[in-house]
Amino acid sequence: MRILVCIKQVPGTTQVDIDEKTGVLKRDGVESKINPYDLYAIETALRLKAHWPEATTLALTMGPPQAEQSLREALMMGIDEVALISDRAFAGSDVLATAYTLSQAIQAIGDTGIILCGQQTTDGDTAQVGPEIAEFLDIPHATNISAIPECQANAVTVQVDLPTTEETIRLPLPCLLSVNKGIHTPRLPSFKRKKETREVAVRRMTLADFPDTDPDHYGLNGSPTNVVRIFPPEHHVTRETWEGSSGELAGRLCTYLRDAKFLV
Ligand SMILES: Cc1cc2nc3c(=O)[nH]c(=O)nc-3n(C[C@H](O)[C@H](O)[C@H](O)COP(=O)(O)OP(=O)(O)OC[C@H]3O[C@@H](n4cnc5c(N)ncnc54)[C@H](O)[C@@H]3O)c2cc1C
């Protein structure tokens, strides 16, 4: 059985420019790192492996060729195998198309008992990819998981953080779990593992490897989202200084707030 972790490479800084014409992040030359939430998913995979001695761990990412760097880091943390999904056919994928692509890759890889995701990413931030993968694969899923108190041969029991309470649920395998930062402290990548895994090959996957090879189901063509415009928040800093008696100032402030539609 495989314990598969989905990881995403994200910009290492929040100072990323947006291409005004295309509305896409200008990622070239920007330092990248593993999405911080996915480090918790990697740590969970490594700990879960102890419950199924025959299990192997695999980290999967969809991204440009340089995303290999994140997979190498996952190997340095202790992951056994890594796979990179990269193909021009996937360019422009929205969340649904990304989840569909990942679900197709997971089917192609096969023998997956548990799929782990981070709770959300620090760039897209939708927290939708995990549950959507599970829906495409038609398997049970749970999000916001803060603990996995019990593992059985064919099921896991998880603790889910809800806004005002906690819920304990049991999911049969295969299933998908999105973990939050409360679950475990991620270990650091080790230099010893770096040396040991230098020769580990990255499995490369393209559209041709998938059960569904229809290009219309991927990338921009397979994305129902229509982004009208993306822009950095505009800052309006205007300052006015008023003088007068407190009564005059209060009246003026009231008029100002009414004109700005803050008061009716
Ligand atoms: C119309 C449109 C076009 C877009 N075009 C592009 C584009 O051309 N290039 C581009 O880079 N982005 C593009 N995006 C953004 C892209 O859709 C998101 O980066 C992607 O769907 C992941 O969403 P998220 O970051 O909100 O992930 P979340 O749902 O917040 O992530 C939850 C978890 O899912 C897993 N996960 C998420 N993404 C990946 C991944 N790629 N590989 C493995 N695991 C993952 C991780 O475990 C993560 O912690 C586009 C978005 C839209 C709406």
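Residues numbered from 1 in each chain as written. Predicted model: local features only at pLDDT ≥ 70, side-chain atom pairs only at ≥ 80, totals over all residues. Heavy atoms only, no water.

*Asks:* In this structure, what is going on with the nonpolar core? I would like to understand it.
*Replies:* Counting residues in hydrophobic clusters, the biggest one holds 38 residues, and the most contacted among them are Trp52, Leu116, Val156 and Leu177. Looking at this core, the elements that each hand over two or more residues are strand 1 (2–6), helix 1 (36–48), helix 2 (68–77), strand 5 (81–85), strand 6 (112–118), strand 7 (141–152), strand 8 (155–161) and strand 10 (175–179). At six residues, the largest contribution of residues to this core is made by helix 1. Counting 25 residues, the second largest nonpolar core, distinct from the first, contains Leu60, Phe90, Ala105 and Met205. (Core = buried A, V, L, I, M, F, W, Y, C linked by side-chain atoms within 4.5 Å. Buried < 20%, exposed > 50% of the residue type's maximum accessible area, 1.4 Å probe, protein only. Helix = DSSP H or I, 4+ residues; strand = E, 2+ residues; numbered from the N terminus.)

*Asks:* Whenever I open this one, helix 2 confuses me. Can you help?
*Replies:* Each α-helix turn comprises 3.6 residues. Residues three or four places apart therefore point the same way. Within the span of helix 2, buried status applies to Ser70, Leu71, Ala74, Leu75, Met76 and Met77. Contact partners of the buried residues in helix 2: strand 2 (9–11), strand 3 (32–34), helix 1, strand 4 (56–62), strand 5 and helix 5 (191–196). Gly78 occupies a position one or two residues after helix 2 and carries a positive phi of about 130 degrees. (Contact = heavy atoms within 4.5 Å.)

*Asks:* How should I be thinking about the side chain of Ser178 in this particular structure?
*Replies:* Secondary-structure assignment places Ser178 in strand 10. By relative accessible area, Ser178 is classed as buried at 2%.

*Asks:* Help me understand the site of the ligand, please; the structure alone is not making it clear to me.
*Replies:* Not every one of the 28 residues close to the ligand is listed here, only the nearest: Cys6, Lys8, Asp38, Thr121 and Thr126. Lys8 places a side-chain nitrogen or oxygen 2.6 Å from an oxygen atom of the ligand. Residue Met62 places a main-chain N or O atom 3.0 Å away from a nitrogen atom belonging to the ligand. Relative to its free-state accessible area of 960 Å², the ligand is covered by the protein chains to the extent of 82%. Considering only residue class, the shell around the ligand consists of 10 nonpolar, 12 polar and six charged. (Near = heavy atom within 4 Å. Polar contact = N/O pair within 3.5 Å; in protein donor to acceptor, adjacent residues only side chain to side chain. Areas by Shrake-Rupley, 256 points an atom, 1.4 Å probe, with all protein chains shown as cover. Nonpolar A, V, L, I, M, F, W, Y, C, P; charged D, E, K, R; others polar.)

*Asks:* I'm lost on the pattern of salt bridges in this one. Help?
*Replies:* Tallied over the entire structure, the rule returns eight salt bridges. Salt-bridge contacts for Arg187 lead to Glu43; the nearest nitrogen and oxygen are separated by 2.8 Å. Residue Arg187 is found in the loop between strand 10 and helix 5, and its partner Glu43 is found in helix 1; the two are separated by 144 residues along the sequence. Its relative accessible area of 2% is what places Glu43 among the buried residues. Notably, a salt bridge pairs Asp80 with Lys49, separated by 3.0 Å at the nearest N-O pair. Here the residue Asp80 occupies a position in the loop between helix 2 and strand 5, and Lys49 occupies one in the loop between helix 1 and strand 4, the gap between them amounting to 31 residues. Each of Glu43, Arg47 and Arg187 takes part in salt bridges that share partners, so that together they form one network. (Salt bridge = Lys/Arg side-chain N within 4 Å of Asp/Glu carboxyl O.)

*Asks:* Any chance you could explain the pairing of strand 5 here in plain terms?
*Replies:* For a regular strand, side-chain orientation follows a simple rule: the groups alternate between the two sheet faces. Burial of strand 5 is extensive: four of the five residues sit out of reach of the surface. One ladder, built from five bridges, connects strand 4 with strand 5; its direction is parallel. Paired with Ala59 across the bridge in strand 5 is Val82. The β-α-β motif built from strand 4, the intervening helix 2 and the parallel element strand 5 has right-handed crossover chirality. Note: strand 5 against strand 11 (residues 203–205), three bridges, orientation parallel. Bridge pairing links Ala83 to Arg203 in strand 11. (Pairing = 2+ DSSP bridges. Right-handed = clockwise from strand over helix to strand, strands pointing away.)

Take it as geometry only, folks, not as evidence of what the structure does.
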